[in-house]
Amino acid sequence: MNALSLCPAVTTSRIDECRDFYVGRLGAEPVFDCGWYLIVRFGADSATLAFMSPRNDRDLPCRPEGLVLNIRVKDVDAEHARLAALGLDVPDPESHPWGDRSFSLRDPNGILLCIYMDIEPDEEYRRYFLK
């Protein structure tokens, strides 16, 4: 498969909270919003994420246990400072030997967001990078 894009969709009763968080706090751009379905984009020609209110009995709400959304940014320390200035409770970024510097926070649904940037991995992890 040669996918042109991938847009995960989270079923949630918290559409307004998601809009406020992702657009108002994280700075995502809404690209579709009909009230019960919202798609946001993180930068021009970048990743998208959708949220939808349950519309029928088949639309099960998101169960965030075990779900992590990794969001790569250019400067994790600048992003941390920006979010902290907005009043979000975010832990300090940490550098990891496998090649990232990151911090995490939860969205209104309880989904864990790992905000990170690539750094040079330690020697023991370099061999695991396939490309």
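Worth saying up front: this structure is predicted, and the values here are computed from it rather than measured. (Residues numbered from 1 in each chain as written. Predicted model: local features only at pLDDT ≥ 70, side-chain atom pairs only at ≥ 80, totals over all residues. Heavy atoms only, no water.)

Q: Before we move on, could you go through the overall build of the protein and cite the residues and values that matter?
A: Scanning the protein for helices and strands turns up three helices and eight strands. Moving toward the C terminus, one meets the helices and strands of the protein in the order β-α-β-β-β-β-α-β-β-β-α. Judged by the C-alpha coordinates and their principal axes, the protein covers about 50 × 40 × 30 Å. Buried positions account for 34% of the 131 residues belonging to the protein. Long-range pairs, those at least 24 residues apart, make up 49% of the contacts in the protein between residues at least 6 apart in sequence. Within the structure as shown, the protein displays about 8800 Å² of accessible surface, and the carbon and sulfur contribution to it stands at 51%. In the protein, the 15 positive side-chain charges and the 22 negative ones have mean positions that sit 4 Å from each other. (Helix = DSSP H or I, 4+ residues; strand = E, 2+ residues; numbered from the N terminus. Buried < 20%, exposed > 50% of the residue type's maximum accessible area, 1.4 Å probe, protein only. Contact = heavy atoms within 4.5 Å. Areas by Shrake-Rupley, 256 points an atom, 1.4 Å probe, with all protein chains shown as cover. Lys, Arg positive; Asp, Glu negative; His and termini not counted. Charge placed at Lys NZ, Arg CZ, Asp CG, Glu CD.)

Q: A description of the pairing of strand β4 (residues 48-52) should follow, citing residues and the corresponding values.
A: A regular strand places its side chains so that they alternate between the two faces of the sheet. Among the five residues of β4, four are classified as buried, and the element is accordingly described as predominantly covered. Direction of pairing for strand β1 (residues 9-11) relative to β4: parallel, over a ladder of three bridges. When the bridges of β4 are listed, V10 appears paired with F51. Bridge count between strand β3 (residues 37-41) and β4: five bridges; the pairing is antiparallel. Bridge assignment links L38 to a residue of β4, and that residue is F51. (Pairing = 2+ DSSP bridges.)

Q: Quick one: what's the story with the layout of surface pockets, residue by residue and with numbers?
A: If a probe the size of a water molecule is rolled over the atoms, the empty space left behind becomes visible. A volume near 460 Å³ is recorded for the largest pocket. As for the largest pocket, its lining consists of 18 residues, of which F42, A47, N70, I71 and R72 are closest to the centre. Where the lining of the largest pocket is concerned, the elements lending two or more residues are β4, β5 (68-72) and α2 (76-85). It is β5 that provides the largest number of residues to the lining of the largest pocket, a total of four residues. Residue composition of the lining of the largest pocket, by class: eleven nonpolar, four polar and three charged. (1 Å grid on protein atoms, 1.4 Å probe; cavity = no way out; pocket = protein on both sides within 12 Å on 5 of 7 lines; lining within 4 Å. Points joined across faces, edges and corners; volume = space filled by probe spheres on them. Nonpolar A, V, L, I, M, F, W, Y, C, P; charged D, E, K, R; others polar.)

Geometric descriptors of this kind do not, in isolation, establish any biological role.
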